[in-house]
2 protein chains.
Amino acid sequence: MRRMTARPANAHQARLLRLLRDGGPNSRAQLGDQIDLSRSKLAVEVDRLLETDLVVADGLAASRGGRRSHNVRLNPGLRFLGVDIGATSVDVAVTNAELEILGHLNQPMDVREGPVAVFEQVLSMAAKLRASGLAEGFDGAGIGVPGPVRFPEGVPVAPPIMPGWDGFPVREALSQELGCPVMVDNDVNLMAMGERHAGVARSVGDFLCVKIGTGIGCGIVAGGDVHRGVTGSAGDIGHIQAVPDGRPCACGNRGCLEAHFSGAALARDAVEAAQQGLSEELASRLAANGTLTAVDVAAAAAAGDATALDLIREGGNRVGQVIAGLVSFFNPGLVVIGGGVTGLGHNLLAAIRTQVYRQSLPLATGNLPIVLGELGPTAGVIGAARLISDHVFSPA
Amino acid sequence: MRRMTARPANAHQARLLRLLRDGGPNSRAQLGDQIDLSRSKLAVEVDRLLETDLVVADGLAASRGGRRSHNVRLNPGLRFLGVDIGATSVDVAVTNAELEILGHLNQPMDVREGPVAVFEQVLSMAAKLRASGLAEGFDGAGIGVPGPVRFPEGVPVAPPIMPGWDGFPVREALSQELGCPVMVDNDVNLMAMGERHAGVARSVGDFLCVKIGTGIGCGIVAGGDVHRGVTGSAGDIGHIQAVPDGRPCACGNRGCLEAHFSGAALARDAVEAAQQGLSEELASRLAANGTLTAVDVAAAAAAGDATALDLIREGGNRVGQVIAGLVSFFNPGLVVIGGGVTGLGHNLLAAIRTQVYRQSLPLATGNLPIVLGELGPTAGVIGAARLISDHVFSPA
DNA sequence: CAACTTTCTCCACTCACAGGACAAAGAAGA
DNA sequence: TCTTCTTTGTCCTGTGAGTGGAGAAAGTTG
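As the structure is a computational prediction, the values presented were derived from the model and not from experiment. (Residues numbered from 1 in each chain as written. Chains lettered and ligands numbered in written order. Predicted model: local features only at pLDDT ≥ 70, side-chain atom pairs only at ≥ 80, totals over all residues. Heavy atoms only, no water.)

### Observations regarding the overall build of chain A
In plain terms, the rule: The helix count covers DSSP runs of H or I at least four residues long, the strand count covers runs of E at least two residues long, and both are numbered beginning at the N terminus. Radius of gyration means the value over C-alpha atoms here, while the globule rule gives 2.2 Å times the residue count to the 0.38 power. When a residue's accessible area, from a 1.4 Å probe over protein chains only, is under 20% of the maximum for its type it is buried; when over 50% it is exposed; and in between it is partly exposed.
Within chain A, the secondary structure is distributed over 14 helices and 15 strands. Scaling as 2.2 N^0.38, a compact globule of 396 residues should have a C-alpha radius of gyration of about 21 Å, and chain A matches this with 23 Å. Seen through its C-alpha atoms, chain A measures out along the principal axes to roughly 75 × 50 × 40 Å. For chain A, the proportion of its 396 residues judged to be buried stands at 55%.

### Description of the environment of L266(A)
Residue and element names in this part refer to chain A. Keep this limit in mind: By definition in these notes, contact holds between two residues if any of their heavy atoms fall within 4.5 Å.
Tracing the chain through its elements places L266 in helix α8 (residues 263-275). Note: C-alpha distance between L266 and T214 (52 residues apart in sequence) is 9.5 Å. Those residues within four positions of L266 in sequence are excluded, and the remaining contacts are F261, A294, V297, L311 and L344.

### Some points on the protein's contact with DNA strand D
To keep it simple, the criterion reads: In these notes, residues near a molecule or strand are those with any non-hydrogen atom within 4 Å of it. Pairs of N or O atoms are called polar contacts if they sit within 3.5 Å, as long as, within protein, a hydrogen donor faces a hydrogen acceptor (for residues adjacent in sequence, only side-chain-to-side-chain pairs). Only Asp, Glu, Lys and Arg are considered charged, only Ala, Val, Leu, Ile, Met, Phe, Trp, Tyr, Cys and Pro nonpolar, and every remaining residue, Gly among them, polar.
Lining the immediate environment of DNA strand D, one finds 20 residues, of which R64(A), S69(A), S38(B), S40(B) and K41(B) sit closest. Counting only atoms of DNA strand D within 4 Å of the protein, the sugar-phosphate share comes to 64%. Within the side chain of S40(B), an N or O atom sits 2.8 Å from a base oxygen of DNA strand D. Between DNA strand D and K41(B), the relevant distance is 2.9 Å, taken from a phosphate oxygen to a side-chain nitrogen or oxygen of the residue. For the surface near DNA strand D, the secondary structure elements donating two or more residues are α2 (28-34) and α3 (39-51) of chain A together with α3 (39-51) of chain B. Residue contributions to the surface near DNA strand D peak at three residues, all from α3(B). Grouping the constituent residues of the surface near DNA strand D by class yields one nonpolar, eleven polar and eight charged.

### Notes on the environment of E258(B)
Residue and element names in this part refer to chain B. Looking at where E258 falls in the secondary structure, it is placed in helix α7 (residues 257-260). Sequence separation between E258 and A301 is 43 residues, and the spatial gap between their C-alpha atoms is 21 Å. Apart from residues no more than four positions distant in its own chain, E258 is found in contact with G215, I216, G238, H239 and A265. Looking at E258, its side chain comes within polar contact range of the main-chain nitrogen of I216, at 3.3 Å.

### Brief notes about the domain arrangement of chain A
All names here are of chain A. The following threshold applies: Where each domain begins and ends is defined by an automated method or by a domain database. Two parts placed together each lose some accessible area under a 1.4 Å probe, and adding up what both lose gives the buried area. Any Lys or Arg side-chain nitrogen found within 4 Å of a carboxyl oxygen on Asp or Glu counts as a salt bridge.
When cut into domains, chain A gives domain 1 (11-74), domain 2 (80-196 + 378-392) and domain 3 (202-372). Tallying the contact residues gives 17 residues for domain 2 and 22 residues for domain 3. Of the roughly 1,500 Å² buried at the junction of domain 2 and domain 3 (both faces included), carbon and sulfur atoms supply 60%. Considering only the side of domain 2, the residues that lose the most area to domain 3 are V188, M191 and R196, jointly responsible for 41% of the buried surface there. Our count for the domain 2 to domain 3 interface comes out at two salt bridges. The closest approach of N and O atoms between K211 and D187, which form a salt bridge, is 3.2 Å. With eight residues, the single largest contributor to the side of domain 2 that touches domain 3 is helix α6 (residues 187-198). Here the side of domain 2 that touches domain 3 is built from residues that sort into ten nonpolar, two polar and five charged.

### With respect to the sheet that holds strand β12 (residues 216-222) of chain B
Residues and elements named next belong to chain B. Rule in force here: What makes two strands pair is DSSP finding at least two bridges between them. Working convention: axes come from line fits to C-alpha atoms, limited for helices to the stretch in contact. Angles between N-to-C directions cover 0 to 180 degrees.
Taken in spatial order, the five strands make up an open sheet running β13-β12-β11-β14-β15, and their pairing is mixed. Looking at the sheet topology across the chains shown, the edges are occupied by β13 (225-226) and β15 (370-372). Helix α12 (residues 345-359) rests against β14 (335-338) and β15 of the sheet, and its axis sits at about 160 degrees to β15.

### Concerning the packing of helix α9 (residues 280-289) of chain B against helix α10 (residues 294-302) of chain B
Residue and element names in this part refer to chain B. As a reminder, the rule being used: By definition, turning the near helix anticlockwise from the far helix through less than a right angle yields a left-handed crossing, and turning it clockwise yields a right-handed one.
Between α9 and α10, the least distance of the axes is 10 Å, while the angle of their chain directions is 140 degrees. Considering only the axes of α9 and α10, their crossing is right-handed. Contact residues: E281, L282, R285 and N289 in α9; D296, V297, A299 and A300 in α10. A class-by-class count of the residues in the contact of α9 with α10 yields four nonpolar, one polar and three charged.

### Observations concerning empty space enclosed by the protein
As a reminder, the rule being used: A pocket, in this scheme, is an open set of points on a 1 Å grid over the protein atoms alone with protein on both sides within 12 Å along at least 5 of 7 lines, while a cavity is a set where a 1.4 Å probe fits but cannot get out; residues line either one if an atom lies within 4 Å of a point. Grid points are joined across faces, edges and corners, and a volume is the space filled by probe spheres set on the points.
Taken as a whole, this structure holds two cavities of 30 Å³ or more when the rule is applied. In this structure, the largest cavity spans a volume of roughly 410 Å³. The wall of the largest cavity is formed by 24 residues, among which I240(A), Q241(A), I240(B), Q241(B) and V322(B) lie closest to the centre. Residue assignment for the lining of the largest cavity shows that the elements contributing at least two residues are α11 (306-330) of chain A together with α11 (306-330) of chain B.

### With respect to the interface of chain A and chain B
Contact residues are listed per partner, giving 38 residues for chain A and 38 residues for chain B. Three residues stand out in chain A for area buried against chain B, namely F329(A), N331(A) and L363(A), and they jointly supply 25% of the buried area on that side. Inspection of the chain A/chain B interface yields zero salt bridges. At the surface where chain A touches chain B, the tally comes to 16 residue pairs in polar contact (both at pLDDT 80 or more). Of all the secondary-structure elements, those providing two or more residues to the side of chain A that touches chain B are β12 (216-222), α11, α12 (345-359) and α13 (362-365) of chain A. Broken down by class, the residue content of the side of chain A that touches chain B amounts to 19 nonpolar, 15 polar and four charged.

### Points about the environment of G114(A)
Residue and element names in this part refer to chain A. When you line up the elements, G114 lands in the loop between β6 (101-108) and α4 (115-131). Look at G114 and you get buried, because its relative accessible area is 8%. With 40 residues separating them along the chain, G114 and G154 place their C-alpha atoms 17 Å apart.

### Quick notes on the protein's contact with DNA strand C
Residues in contact with DNA strand C amount to 22 residues; listed here are only the nearest, S40(A), K41(A), R39(B), R64(B) and S69(B). Close to the protein, within 4 Å, the atoms of DNA strand C are drawn from sugar and phosphate at a rate of 66%. S40(A) is positioned with one of its side-chain polar atoms (N or O) 2.8 Å from a base oxygen of DNA strand C. Between DNA strand C and R39(B), the relevant distance is 2.7 Å, taken from a base nitrogen to a side-chain nitrogen or oxygen of the residue. When residues of the surface near DNA strand C are traced back to their parent elements, those giving at least two are α3 of chain A together with α2 (28-34) and α3 of chain B. Among the elements that take part in the surface near DNA strand C, α3(A) stands out by supplying four residues, more than any other. In terms of residue class, the surface near DNA strand C is made up of two nonpolar, eleven polar and nine charged.

### Brief notes about the pattern of salt bridges
Residue and element names in this part refer to chain A. All told, the structure shown has 42 salt bridges over all chains when counted by the stated rule. E45 is the salt-bridge partner of K41, the closest N and O atoms lying 2.7 Å from each other. In this pair, K41 and E45 both sit in helix α3, four residues apart, roughly one turn of the helix. Judged by relative accessible area, which is 31%, K41 ranks as partly exposed. Using a relative accessible area of 0% as the deciding quantity, one classes E45 as buried. One salt-bridge network, held together by shared partners, links R18, R21, D22, R386 and D390.

### Re the relation of the copies chain A and chain B
In plain terms, the rule: We superpose the copies by least squares over the C-alpha atoms of residues that have a pLDDT of at least 70 in both of them.
At an RMSD of 0.1 Å, chain A and chain B line up after a rotation of 180 degrees and a shift of 0.0 Å along the axis. Such a combination of rotation and displacement between the chain copies is what one expects of a two-fold axis.

The structure is reproduced here in structure tokens:
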């Protein structure tokens, strides 16, 4: 099962691999247009890449007015594994070297069951994907966890919502099992990388990616790189105070953003509203299912339920207020809203936009798009694959 | 007056110049310890630098157990000009190539008098420094302005507190007048760079530098680089909402941080308190001077005046609350507090610390020093000199 | 004064890279 | 079909970057 994937020998080769990854199959001549190298040097480096099995020849390109150029592409047999561990579910996907998803599995699972149980699950899902013929082995795996990570070592640190994971050597353990390089990161950072690679943030250098799911977090991309902070907890905005003396939060404080708006908070507020008889729509759904989720609120709002709309609007205002502050501070070129609650759609977005455009200075908001992520649940696994491919496609 | 300062020919030379700048005179052998080059290559590059007049020989070093090494140092005749334009005063300083301040002038001046008047002032101060024999000409000048800057062009954009400066070609104009390269940045960013070069943030890669003066701003250093944002307005935290439905702010909103705590807000609150008879100390100072400033509040607090202490504490709480949010978001390794109100000293710091340590998560605050800047009014001009020296000491 | 260390200089060798000459392959028009 | 032009690939040479070793120069230590 162990595969010794070759690694680029120098920065030029790394650059070429990334061009092929992001642009797909390409002719040698086109590569020359995108890289600052003489034709002769380029030919040498491409030939060397062909000698490893990272890159393979791929026929002739169409003529551009003269002799046809030889196509090259990344080895179509390369496989990356993208893993996204959420608070309540696990996503595992297999991609090719161009980071296209070949297979994707999702499994509900509580992260609090601990690293051993979750690992078993992840490995069995990976085995399933392999058994279905999508991969013989993996050339690298990226994995996201819902908490802070000491990035260089790939180890979660003091993760509030995943007790038992503190200090667990995720990177090393998974690398052992899979026999390939592994990189670990916070799930929100991976979502940001995913949207940057293939989503709304394509090639944006400075942006924020707010993920609102069970909890709330924010991926920070500055100068094209993810900013992780000194202890890996950057972007942990769930416990910023949104409401002075507001609702009590699990962290011990009051008024945290997460306590006022998140998947969990929204469900709680919806149940309360239903029980208080404020909304027939929500009450009937509560009676039917015994519980409510963000999906129910979204459906009720879509059906015109005023209470549901109010809940969404108020939540959007809270998040929007915090984001307004972050926009003033960070001055991003784009804000992406993602995570489980994106089903709330335009109502949520409208409330956020209102707050941000009202509270932040015109210079910061003048040309600032605030949009929903476009990759949905695949953002995380694509980001994970991207993370490990950046690693594998860099000089050893 | 025009001087054609040589520029390093490659990255190695640039690296060597910066080592000499930051480490002072140094032997060739010691330079070899700090740079990853063979002895022969190092000798070649140092010799080339000696051929330009950027670097000069400087005798022999002490023996380290064998043959004594030749010392080299940056040309002691190199001169940088550091300019810090504040809302109410202008600082101009001359430094040598090691960024040591050789002369420093300060002049009260309202930035709203516009770029032409301020420029005249700056140039006359620079002329004065030159006339006193500190410099024959300048090899570069850095300048900070109290507002957002389009950094690559060196032009202020939509600066709220300095009308008339919008779009004024600061970089080009000053470069013309002085006949040397010029770089322009936000004053807060320069303060951060100053504290990073020679102050409390020496060699810290990720930190925040909060400057509380007439207004309030925050320098952001991420991965060793200043983060300026897409429109140059990053760190503009004065208009983050600190108090819902709070005091009206000049920007049109309510409850902005700056409206509740800043040099201006503190003076206003102190006058109010004095007029309401809450503090004899403040009232007598008001009667004596006809007005109050942060200095008066600091003095009153030092004398044990409870009202002054309350003002400081409450202001510190406001700022602290905002900083707590930024700490959660950015996860810095250090927070520096600077600007005019640092005279409030420990009382202010204590209030800020309390808020941050109480509201941010332990992982982010566990090892987070929150300290006062140690360079005071020289931070800005040192940062300005550092900015231009980074430019001059980079390959042309 | 001998033995050892550090530093500097010189030289030969390797490798990265550019750029030009030329051949191969195709397009477009006569 | 033939000629001319364009594009692409290959080969070769020249330049400069950079390494590493030999040995000389300059010190220290006992």
